[in-house]
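Here is what each chain is made of, one letter per residue.
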Protein chains: 2
Amino acid sequence: MDYASFFSISAQGSSRSVIREILKLTQRPEVISFAGGLPAPDTFPVELLDDIMSKVLKDRGRTALQYGTTEGDVRLRSQIKQWVATDGIDVSADQILVTNGSQQGLDLVSRVLLDPGDTVVVELPSYLGGLQAFRSYQAKMVGVEQDHEGMKMDRLAEQLQALRQKSIKPKFIYVVPDFQNPSGTTMDLGRRLRLLELAAEYDTLIVEDTPYRQLRFSGEDQPTLFSLDKEGRVVNLSTFSKLFCPGFRLAWAIAPPAIFDKMVMAKQSTDLCSAAFNQAVMAEYMIQERLAPQVSSIKQLYRRKCEVMLRMMDEHMPKDVEWTKPEGGLFLWVILPEGMDSMVMLEKYAIPREVAYVIGQAFHFDGSGTNTLRLTFSFPTVEQIEEGIKRFAAAIRDYRAAL
Amino acid sequence: MDYASFFSISAQGSSRSVIREILKLTQRPEVISFAGGLPAPDTFPVELLDDIMSKVLKDRGRTALQYGTTEGDVRLRSQIKQWVATDGIDVSADQILVTNGSQQGLDLVSRVLLDPGDTVVVELPSYLGGLQAFRSYQAKMVGVEQDHEGMKMDRLAEQLQALRQKSIKPKFIYVVPDFQNPSGTTMDLGRRLRLLELAAEYDTLIVEDTPYRQLRFSGEDQPTLFSLDKEGRVVNLSTFSKLFCPGFRLAWAIAPPAIFDKMVMAKQSTDLCSAAFNQAVMAEYMIQERLAPQVSSIKQLYRRKCEVMLRMMDEHMPKDVEWTKPEGGLFLWVILPEGMDSMVMLEKYAIPREVAYVIGQAFHFDGSGTNTLRLTFSFPTVEQIEEGIKRFAAAIRDYRAAL
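Values in this document were obtained by computation on a predicted structure and should not be read as measured data.

**Structural notes on the overall build of chain A**
- Within chain A, the regular secondary structure consists of 14 helices and 14 strands.
- A globule of 403 residues ought to have a C-alpha radius of gyration of about 22 Å, and chain A, at 21 Å, matches this closely.
- Overall, the C-alpha framework of chain A stretches about 65 × 60 × 55 Å when taken along its three principal axes.
- Classification of the 403 residues of chain A by burial places 55% in the buried group.

Shown next as structure tokens:
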């Protein structure tokens, strides 16, 4: 059978992700991996969950094991409403859609907004899963460079103006304003306000992805774009994957009512509903006020890990290597001197020295960023960070010696 | 804000499903509902799950709460491989993709095969969720009538020939061969073989959806299309929702390797992976050999409920009403005399008499089937079936008197 003539244009364009293939190389236990964006498993509330699951099964087992509504469990949505209210987001539970991870939020928002050939403005670099979602709907992407405070607003204005001159109105601007994946940078208030201003001026929407937002371990909180928006231009995506655990696949999207309705219909046709059991357990966990203390302890742990990684970088990096100083989240972004290629370094020098990272090119839709890479500090232990950064520095030296 | 100019063509075409809106009317506790296609909640293994979840958390909690692979948990896929082998499906675990309910299987297979304007051949009537998925990818549908043995093969041949004359090659034929939703009918071996023959002759694929297949309570098993296929033309979709419980959202797709690969990539961009915890629990449940006894007891219960419903129908239906005699599954299909409209009857006579069903029109992509409707026997209790069919018969009498 030759299936080529059966595949959709979207499927014809799909290929195994770079990250997936590289991660296979790093799965040997000897390799210290700074690659996958995984939370620390020792922060998962394993023992506590045993009790909570027993209670859910006892109190409401048959409902929790039945089909649920597409929008999500009413009790969970009410808990999420209260949770986001503490972060300055004042929204009705009717605008909160439970999704299977934020990746489903990205998929659904893309599905209701994008036709093939539509334009999306993304950060350079940007979250890989976002790029994959937009690509799968055959969107065209336009990139805006970042500096240490995130997306550059003057560059955004230039890009929007250039698009306008070609009579192109982008469907939305995709940003991760807090501790961005992969760069670790955070947008300050001025840029957030300017971003909203530009969205209004060029009449476009904003998809604000905030998976790491609650994991700030230094500096000052900045308001979400959703809470600053007065016009209904922002869809906010958030997740329990980094606050609770990823293995429940629970996240949520907050959207203006008209967009919310379309996303619900898209979700219905995509998977009917998210797992009722997982939602019932999450609701119970939040009702018992277990989430806030868990988030506190995750922040403490990640602060420590980030400090260790930054200290090791200070001690071991050559002078011409740059990196970001994140105030939260999971990631640190490294810029090697021009001319160095992080893919070559990974294959020839880092993996042989048993240390791994994700190449920065994977986060650039346009194939740029070859001299960049992402390091995750959340998953490895403190000891692994200490040893791993030494190996990483050695790999850079090896590579440089061979250049 | 006016969002109309932002929505994709797919979103512009989406609207709240008829079933959803009607179900809202039937949620009063006084209403006996034969509407939703829900399994009986007293078949859910609530107590057993408490022990199994404790064991999973204890043995492998941190892995079960972490991200998993897109393809699905290795242990679960190996259990599914063994499970389908007992049903004559000999397939490598590498061809088994874990999905969030079969609805995600339908979405993924549509996503990798369908571009806007592509043609799909469906049964008349057909599963609503399938129609929604194909519609959301802007497919054109062509319908083939059923009789009491499922899709009519002579009509299928005619339709395929008519398409060929217009130089249209359908991407696939979508069928639910066992205890079809909504009709309850099952295709015999002759039709299955003919269907495969026609698919080969007209060079198209088959999507075989078998959510109810394992719930046969009378008659003889027929082989799956997947097991009869020698050419790699069949994608099989199956689910734990009707065998275990729906609230875990676990199902699986089996596909030829080339299609499987594309579906994995589509799933990665859709939601990264299914819930690792749910998969670990399901694997443990199967390893402990709990699934087969559960399925046995579900079949006994549904046989009894179906018998009661059929007996009540025999006793109370007017002579000119027809219905199917299912050998398994959850549904019974009712054909009212021509000229009666099941939607009118629902709103004006059935709901006032506190009984509900799903109108047959919802299962016809072309808006036909106005004199048909679907009754679910799995969810209501035996007592509710007895009382509900009396009410249903009274609604028919009321409607007829008013005609």
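**As for the sheet that holds strand E4 (residues 140-147) of chain A**
All names here are of chain A.
- Spatially, the 8 strands line up as an open sheet ordered E2-E9-E8-E7-E6-E3-E4-E5, and their pairing is mixed. The strands lining the two open edges of the sheet, one partner per strand, are strand E2 (96-99) and strand E5 (150-151).
- Summarising the sheet, strand E3 (residues 119-124) and E4 pair through 6 bridges and their orientation is parallel. Each bridged residue has a counterpart across the sheet, and for Val 120 the counterpart in E4 is Met 141.
- Helix H8 (residues 189-201) contacts E5, strand E6 (172-175) and strand E7 (205-209) of the sheet and is inclined by roughly 145° relative to E7.
- Of the strands in this sheet, E2, strand E8 (234-239) and strand E9 (251-254) touch helix H10 (residues 257-271), which is tilted by about 25° from E2.

**Quick notes on the interface of chain B and chain A**
- Facing 68 residues of chain B, the contacting portion of chain A comprises 67 residues.
- Every element with two or more residues in the side of chain B that touches chain A is listed here: helix H1 (9-12), helix H3 (46-64), helix H5 (101-113), helix H6 (128-136), helix H10 (257-271) and helix H11 (276-287) of chain B.
- Residues belonging to the side of chain B that touches chain A are distributed by class as follows: 33 nonpolar, 23 polar and 12 charged.

**Here we look at the sheet that holds strand E13 (residues 358-359) of chain B**
Residues and elements named next belong to chain B.
- Judged by pairing direction, the sheet is antiparallel, and its 4 strands sit side by side in the order E10-E11-E14-E13 without closing on themselves. The open sheet is flanked by strand E10 (322-323) and E13, the only strands paired with a single partner.
- Where E10 and strand E11 (residues 331-335) come together, 2 bridges link them in antiparallel fashion. Looking at E11, one finds that Trp 323 is bridged to Val 334.

**Here we look at the domain arrangement of chain A**
Residues and elements named next belong to chain A.
- Segmentation of chain A into domains returns domain 1 (16-44 + 293-402) and domain 2 (47-287).
- Its C-alpha centre places domain 1 at a distance of 25 Å from the equivalent point of domain 2.
- On the domain 2 side, the residues contacting the 31 residues of domain 1 number 30 residues.
- When contributions to the side of domain 1 that touches domain 2 are tallied by element, the ones reaching two or more residues are helix H12 (291-316), strand E11 (331-335) and strand E14 (372-376).
- Considering every element that reaches the side of domain 1 that touches domain 2, the biggest residue donor is H12, with 7 residues.

**Some thoughts on the relation of the copies chain B and chain A**
- At an RMSD of 0.0 Å, chain B and chain A line up after a rotation of 180° and a shift of 0.0 Å along the axis. Such a combination of turn and shift is consistent with a two-fold rotation axis.
- An overlap of 99% is found between the interface residues of chain B and their copies at the interface of chain A, pointing to a shared contact surface.

**A word on H3 of chain B**
- Between its first and last C-alpha atoms H3 of chain B spans 20 Å; for 19 residues at 1.5 Å apiece the expected length is 27 Å, and the helix comes up short by more than 12%.
- Of all the bends found along H3 of chain B, the most pronounced is centred on Lys 58 of chain B and spans about 70°.
- Among all positions of H3 of chain B, only Leu 49, Met 53, Val 56, Leu 57, Gly 61 and Ala 64 of chain B are buried.
- In this structure, the buried side of H3 of chain B is in contact with helix H3 (46-64) of chain A together with H11 of chain B.

**A few points about the environment of Val 176 of chain A**
Residues and elements named next belong to chain A.
- Mapped onto the fold, Val 176 is located in the loop between E6 and H8.
- Assessed through the 28 C-beta atoms surrounding it within 10 Å, Val 176 is described here as buried.
- Note: C-alpha distance between Val 176 and Asp 209 (33 residues apart in sequence) is 4.9 Å.
- Beyond its immediate stretch of four places on either side in the chain, Val 176 contacts Tyr 127, Asn 181 and Asp 209.

**Structural notes on the packing of helix H13 (residues 342-350) of chain A against helix H14 (residues 382-402) of chain A**
All names here are of chain A.
- Running from N to C, H13 and H14 point in directions that differ by 105°, and their axes come no closer than 9 Å. With respect to their mutual orientation, H13 and H14 come out roughly perpendicular. Contacts between H13 and H14 involve Met 345, Tyr 349 and Ala 350 from the first element and Phe 392, Ala 395, Asp 398 and Tyr 399 from the second.

**Some words on H10 of chain B**
Residue and element names in this part refer to chain B.
- For H10, which comprises 15 residues, the first-to-last C-alpha distance of 21 Å matches the rise-based estimate of 21 Å (1.5 Å per residue) to within 8%.
- Most of H10 is tucked away, with 12 of its 15 residues classed as buried.
- All of the buried residues along H10 are Ile 259, Phe 260, Lys 262, Met 263, Val 264, Met 265, Ala 266, Lys 267, Gln 268, Ser 269, Thr 270 and Asp 271.
- With its phi angle positive at about 65°, Leu 272 sits one or two positions after the end of H10.

**Considering the pairing of strand E6 (residues 172-175) of chain B**
Residue and element names in this part refer to chain B.
- Neither face of E6 is open: one carries Phe 172 and Tyr 174, the other Ile 173 and Val 175, and all of them are buried.
- With 3 bridges joining them, strand E3 (residues 119-124) and E6 adopt parallel strand pairing. Bridge pairing in E6 places Val 120 opposite Phe 172.

**Considerations on the nonpolar core**
- Counting 238 residues, the largest nonpolar core has Met 263 of chain A together with Met 263 of chain B as the members making the most contacts within it.
- Those residues in contact with Met 263 of chain B that sit more than four places away from it in its chain are Leu 97, Leu 108, Val 109, Val 112, Ala 253 and Ala 255 of chain B.

**A word on the pairing of E11 of chain B**
Residue and element names in this part refer to chain B.
- Taking burial as the measure, the 5 residues of E11 include 4 buried ones, the bulk of the element.
- As defined by bridge partners, E11 adjoins strand E14 (residues 372-376) across 5 bridges and the pair is classed as antiparallel. If you follow Val 334 over to E14, its bridge partner there is Leu 373.

**So, the environment of Gln 146 of chain B**
- By the element assignment, Gln 146 of chain B lies in strand E4 (residues 140-147).
- With sequence-adjacent residues up to four places away left out, Gln 146 of chain B is seen in contact with Glu 123, Leu 124, Met 151, Lys 152, Ser 183 and Thr 185 of chain B.

**Quick notes on unusual backbone geometry**
- With omega at 0°, the peptide bond leading from Leu 124 of chain A into Pro 125 of chain A counts as cis.
- With respect to the helices and strands, Pro 125 of chain A occurs in the loop between E3 and helix H6 (128-136).
- Of note, the amide linkage connecting Asn 181 of chain B to Pro 182 of chain B takes the cis form, showing an omega dihedral of 15°.
- Looking at where Pro 182 of chain B falls in the secondary structure, it is placed in the loop between E6 and helix H8 (189-201).

**Comments concerning the packing of helix H4 (residues 74-85) of chain B against H11 of chain B**
All names here are of chain B.
- Packing of H4 against H11 leaves a shortest axis separation of 8 Å and a crossing angle of 40°. Classified by the interaxial angle, the pair formed by H4 and H11 is oblique. Seen from above, H4 lies across H11 with left-handed handedness. Two secondary-structure elements touch here, H4 through Arg 75, Leu 76, Gln 79 and Trp 83 and H11 through Gln 279, Met 282, Ala 283, Met 286 and Ile 287.
- Of the residues belonging to the contact of H4 with H11, the class tally is 6 nonpolar, 2 polar and 1 charged.

**Side note on the environment of Glu 158 of chain B**
All names here are of chain B.
- Mapped onto the secondary structure, Glu 158 falls in helix H7 (residues 153-165).
- Classification of Glu 158 by C-beta neighbours within 10 Å gives exposed; the count is 12.
- Distance from Glu 158 to Val 144, taken between C-alpha atoms, is 9.3 Å for residues 14 residues apart in sequence.

Reading the values: the criteria
- Residues numbered from 1 in each chain as written.
- Chains lettered and ligands numbered in written order.
- Predicted model: local features only at pLDDT ≥ 70, side-chain atom pairs only at ≥ 80, totals over all residues.
- Helix = DSSP H or I, 4+ residues; strand = E, 2+ residues; numbered from the N terminus.
- Rg over C-alpha atoms; globule rule 2.2 N^0.38 Å.
- Buried ≥ 20, exposed ≤ 12 C-beta atoms within 10 Å, placed from the backbone.
- Pairing = 2+ DSSP bridges.
- Contact = placed C-beta atoms within 7 Å.
- Axes fitted to C-alpha atoms, helices over the stretch in contact; angles between N-to-C directions.
- Nonpolar A, V, L, I, M, F, W, Y, C, P; charged D, E, K, R; others polar.
- Domains from an automatic or database assignment.
- Least-squares fit on C-alpha atoms with pLDDT ≥ 70 in both.
- Expected span 1.5 Å × (residues − 1).
- Bend = angle between axes of the 7 residues up to and from the residue.
- Parallel < 35°, antiparallel > 145°, perpendicular 65-115°, else oblique.
- Core = buried A, V, L, I, M, F, W, Y, C linked by C-beta atoms within 7 Å.
- Left-handed = near helix turned anticlockwise from the far one by under 90°.

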